[in-house]
Structure formats: structure tokens, C-alpha cells
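# Per-entry structural report
For reference, the chains in residue letters:
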Amino acid sequence: MSQAAPILLTPGPLTTSDRTRQAMLRDWGSWDADFNQITARIRKEVLNIVHGTGTHECVPLQGSGTFSVEAAIGTLVPRNGHVLVPSNGAYCQRLAKICKVLGRRLTTIDYTEEKQVSPADVDRALAADPTITHVAVVHCETGAGVLNPLHEIALVVAKHGRGLIIDAMSSFGALEIDARRTPFDAVVAASGKCLEGVPGMGFVVIKRSTLEKCEGNCHSLSMDLYDQWVYMEKTTQWRFTPPTHVVAALDTAIAQYVEEGGLPARGGRYARNCKALIDGLATLGFRSFLDPAIQAPIIVTFHAPDDANYDFKTFYQEVKKRGYILYPGKLTQVETFRVGCMGHFGDAGIPGAVAAIADTLKAMGIRQVTAAEPA
Ligand SMILES: *Cc1c(COP(=O)(O)O)cnc(C)c1O
């Protein structure tokens, strides 16, 4: 190889292992029994991760993660349903937008991006409006990196007897969601995030008793998870052409996930990466954007250097030359950049990235790294 590919410090697509990439070097027929066993194995393993075996169903879907979020809302929320979205960032706003596009009635509770969603606010909103049928929440808000208090929110929603749809895209497999103690109707995630597969498919874990009642809700043929489920149960096959190579890669990625030690090991590795990243960049003068108490160990937002020589594009290119791909900030008010803690890179990955950033600061002549305290 002439030049090693850079390490992706991004929240999906992310750096995958050689073994996962190797799994894509074979073609599979979608009708083939061997392939359909792979699908069955993924569905079973995904249920294991959330302890949903026997009570829940895993319905996979082609497309990026958003496709599965949209499919979950379209399939679970009846057309005259009413969705509450507590919103503290870009992915919450996407949930809200999906509801609008699908013509589902929508109410939001709006927070600024450095705040957690408050279970007490959800409680009040549900008490005040009995027409709300579902709550849709983001577990880890990848926009700024906030961890929302999912378990507490789920208990509030269950107390009011409403449905709960969780976008757990950037947390599934790394941060605990236990169906035996956290009540929910649907958890949505995808292949190319914490399970460290390649992007191209999502999956929705749905409470079976809920799913059984979802026939005819969906506005869309290809996004109908009820139909996908019924067809898959009957035939073992995907309803329409599956992303075969992505499925094979996810199967191999999940095998490595289990070998690594499952959720505690994966979450532990990301937490170590997150700490090494925040501590390492602090030695260069960088301040992370969030209160550490609500920081998810998935992606960290940093204030951009407060220096006339800084611009993100050059910074990005210089760090890339040194072997690491960063991520732009997604905040509206302050200039930031983001660094992901997820993906298959060894313990040297984060220290290497910190060194690359230190070197880049020198190359760009940036001296004033620590931004002024926000007013
Ligand atoms: C990645 C992500 C998604 C899905 O985004 P796609 O671009 O469709 O893959 C949805 N929600 C959250 C919280 C995410 O991190």
C-alpha cells in the first residue's frame, strides 16, 4: 500500500477492522440460505445486545440510519398520532423534521445544545397534553455529544402509557439500553456506528406486541417495517434487494464485538478514548464544549482556537495529512470542531491524533488555542 488510509475520528462512517473489510470480498445471493442465515444471526445478536430476546423483534432495513428512523416513526406512529420530540440538537431536529414530512402531528420541547433533555419536562408535557401518542428521543445527541437521560425519560413515558421511539444510532452497543428495565417501543441504530460495521443498513428493535399492531400505519411501501418483518418471518429473506456486502460485514463486526467482550468492553474502550482525547487536547489548551457530567463517550465538541490563523478547512487538511480525519462542528452559535471516540483503531489512535493536532497548530502558527469563556 502506498499510503495508509487516515484514521476516521468521525461518528460513522468510521474506521473498521481488516477482518470486517475482508468480509465484503465475497458476493452473496439474496435468496441463498447461507446468506439468510447471516441475516438471522444479526437479528438474534442485536436482540441480545439490548436483552430483548423473546419480547422484541429486530427488523433490519436498507439505507443509512436516518432511513430506519423515518421507517420507525412511519411504522409505529399512526397517521393521526402526535409525537413529542424533546430537542437538544441537530439529530433531534431531524426527528422533528421527519414527523413534519410524514404529516404526523408534532410538539417539541426546545433546549440549547449544551443542555440535557429533562425527564421532568417530558413528564409535564405528557400530563398537559393527552393527545400525544409517542415520544421520540435521541439517546446520544451526536450534534454536540450530549448523553440524554434515556432510562429516566423511558420511565416517565411508560408511566403516562405513551409510546417511546429511541434514536440510539450513536450509542447502540456502547452505552447500555436494557429492554428488561428500560421500557421502549423501538430502538433505532445502524451498521456503521458503535458496532463498527460499514454504513448501508439500519435496524429497529421493536416490542413485538407493538409491532403486531402496526399494519397499515406506514405511508411508504419500502419503509414499512411491519411489512419487512412479516415478509422476513415468512421467507427468511429481505423484502427487497439487501445490501449483501454490508450485511456480511456487520455479521463479522458483531462477531468481533462479542469476542471483545460486548457492551462493557466496547463502551469501556470508547470511554478511555474519550478521556485520553479530552485530557490530551487540554494539554494543548483546548476546552471541550460540554459539561463533563453530560458528555457521552462517543464524540467530543471542542472550541476552535481563538486565533486569526485558524480556519477549519486548513486545520482539517493539515491534520488529515498527518493521518487523522476530524469532523466539523455542528453548533449554530459557537465555532467548534468535533472528534469521535469510536471506531477500530488501537490505543495509539487518540495519542496519535493529539500529536497530529499539536503539530498542525505549529504548522499553522496558531498560538491562542484557548477560546475566551463564552459570555
Ligand atoms: C448517525 C446518526 C443518525 C443517522 O444519520 P445517517 O446520516 O442517516 O447515517 C441518526 N441519529 C444520530 C443520533 C446519529 O448519530
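Rules used in this analysis
- Residues numbered from 1 in each chain as written.
- Predicted model: local features only at pLDDT ≥ 70, side-chain atom pairs only at ≥ 80, totals over all residues.
- Heavy atoms only, no water.
- UniProt positions renumbered as here; feature names shortened; annotations may be inferred.
- Helix = DSSP H or I, 4+ residues; strand = E, 2+ residues; numbered from the N terminus.
- Rg over C-alpha atoms; globule rule 2.2 N^0.38 Å.
- Buried < 20%, exposed > 50% of the residue type's maximum accessible area, 1.4 Å probe, protein only.
- Areas by Shrake-Rupley, 256 points an atom, 1.4 Å probe, with all protein chains shown as cover.
- Lys, Arg positive; Asp, Glu negative; His and termini not counted.
- Charge placed at Lys NZ, Arg CZ, Asp CG, Glu CD.
- Expected span 1.5 Å × (residues − 1).
- Contact = heavy atoms within 4.5 Å.
- Pairing = 2+ DSSP bridges.
- Axes fitted to C-alpha atoms, helices over the stretch in contact; angles between N-to-C directions.
- Near = heavy atom within 4 Å.
- Polar contact = N/O pair within 3.5 Å; in protein donor to acceptor, adjacent residues only side chain to side chain.
- Nonpolar A, V, L, I, M, F, W, Y, C, P; charged D, E, K, R; others polar.
- Salt bridge = Lys/Arg side-chain N within 4 Å of Asp/Glu carboxyl O.

As annotated in an unreviewed UniProt entry, the chain is 2-aminoethylphosphonate--pyruvate transaminase from Acidovorax cavernicola. Of the comments in the UniProt record for the chain, the one headed Sequence similarities (unreviewed entry) reads "Belongs to the class-V pyridoxal-phosphate-dependent aminotransferase family. PhnW subfamily." Under Function (unreviewed entry), UniProt gives the following word-for-word description of the chain: "Involved in phosphonate degradation."

For the rest of this paragraph, the subject is the overall build of the chain. Within the chain, the regular secondary structure consists of twelve helices and 14 strands. Here the C-alpha atoms of the chain give a radius of gyration of 21 Å, agreeing with the 21 Å that 2.2 N^0.38 yields for 375 residues. If you line up the chain on its principal axes, its C-alpha atoms span 60 × 55 × 35 Å. When the 375 residues of the chain are sorted by exposure, 57% land in the buried category. Surface exposure of the chain reaches about 15,700 Å², of which carbon and sulfur atoms provide 54%. Counting 37 positive and 38 negative side-chain charges, the chain places the centres of these two groups 1 Å from one another.

Once that is clear, we can look at helix α3 (residues 65–76). In this model α3 runs 17 Å from its N-terminal to its C-terminal C-alpha over twelve residues, within 8% of the 16 Å that 1.5 Å per residue would give. When you tally the buried positions in α3, you get nine out of twelve residues, the bulk of the element. Looking at α3, one finds that the buried residues are Gly65, Ser68, Val69, Ala71, Ala72, Ile73, Gly74, Thr75 and Leu76.

What follows deals with the environment of leucine 47. Mapped onto the secondary structure, leucine 47 falls in helix α2 (residues 33–49). By relative accessible area, which is 10% here, leucine 47 ends up buried. Each C-alpha atom of the pair leucine 47 and glutamate 57 lies 7.1 Å from the other, and the pair is ten residues apart in sequence. Apart from residues lying up to four places away in sequence, leucine 47 is in contact with Gly52, Thr53, His56, Glu57, Cys58 and Val205.

The strand order β2-β10-β9-β8-β5-β3-β4 describes an open sheet built from seven strands, whose pairing is mixed. The open sheet is flanked by β2 (56–62) and β4 (105–110), the only strands paired with a single partner. Mean inter-strand twist for the sheet, computed between neighbouring axes without regard to direction, equals 20°. Sheet analysis places strand β9 (residues 186–190) next to strand β10 (residues 201–207), joined by five bridges and oriented antiparallel. When the sheet's bridge partners are listed, alanine 190 is paired in β10 with glycine 202. Contacting β2, β5 (134–138), β8 (163–167), β9 and β10, α3 crosses the sheet at an angle of about 160° to β9.

Another point: the site of the ligand. Residues in contact with the ligand, as listed here, are Ser64, Gly65, Thr66, Tyr91, Arg94, Val138, Cys140, Thr142, Asp167, Met169, Ser170 and Lys193. One nitrogen or oxygen atom from the side chain of arginine 94 is found 3.3 Å from an oxygen atom belonging to the ligand. Here the ligand loses 84% of its free accessible area of 380 Å² to cover by the protein chains. Within the shell around the ligand, the residues separate by chemical class into four nonpolar, five polar and three charged.

This model, assessed by the stated rule, comprises 20 salt bridges. Aspartate 123 is the salt-bridge partner of lysine 159, the closest N and O atoms lying 3.1 Å from each other. Note that lysine 159 is positioned in helix α6 (residues 150–159) and aspartate 123 in helix α5 (residues 119–128), a separation of 36 residues in sequence. The salt bridge partner of arginine 266 is glutamate 196, with a shortest N-O separation of 3.8 Å. Highlighted residues: arginine 266 in helix α10 (residues 262–283) and glutamate 196 in the loop between β9 and β10, separated in sequence by 70 residues. A relative accessible area of 5% means that glutamate 196 is categorised as buried. Each of the salt bridges in this network shares a partner with another, and the network as a whole consists of Arg43, Glu57, Arg208 and Glu233.

The positions UniProt marks with the feature "modified residue: N6-(pyridoxal phosphate)lysine" (unreviewed entry) are Lys193. Within the element layout of this structure, lysine 193 appears in the loop between β9 and β10. With sequence-adjacent residues up to four places away left out, lysine 193 is seen in contact with Pro11, Leu14, Met169, Ser170 and Met342.

Here we take up the side chain of arginine 338. Its location among the elements puts arginine 338 in strand β14 (residues 336–340). The side chain of arginine 338 is buried and forms no salt bridge, while glutamate 141, the nearest opposite charge, is found at 6.6 Å. At 2.9 Å, the side chain of arginine 338 forms a polar contact with the backbone oxygen of proline 328. With residues up to four places along the chain from it excluded, the contact list for arginine 338 reads Thr142, Gly143, Ile299, Val300, Thr301, Leu326, Tyr327, Pro328, Gly329 and Lys330.

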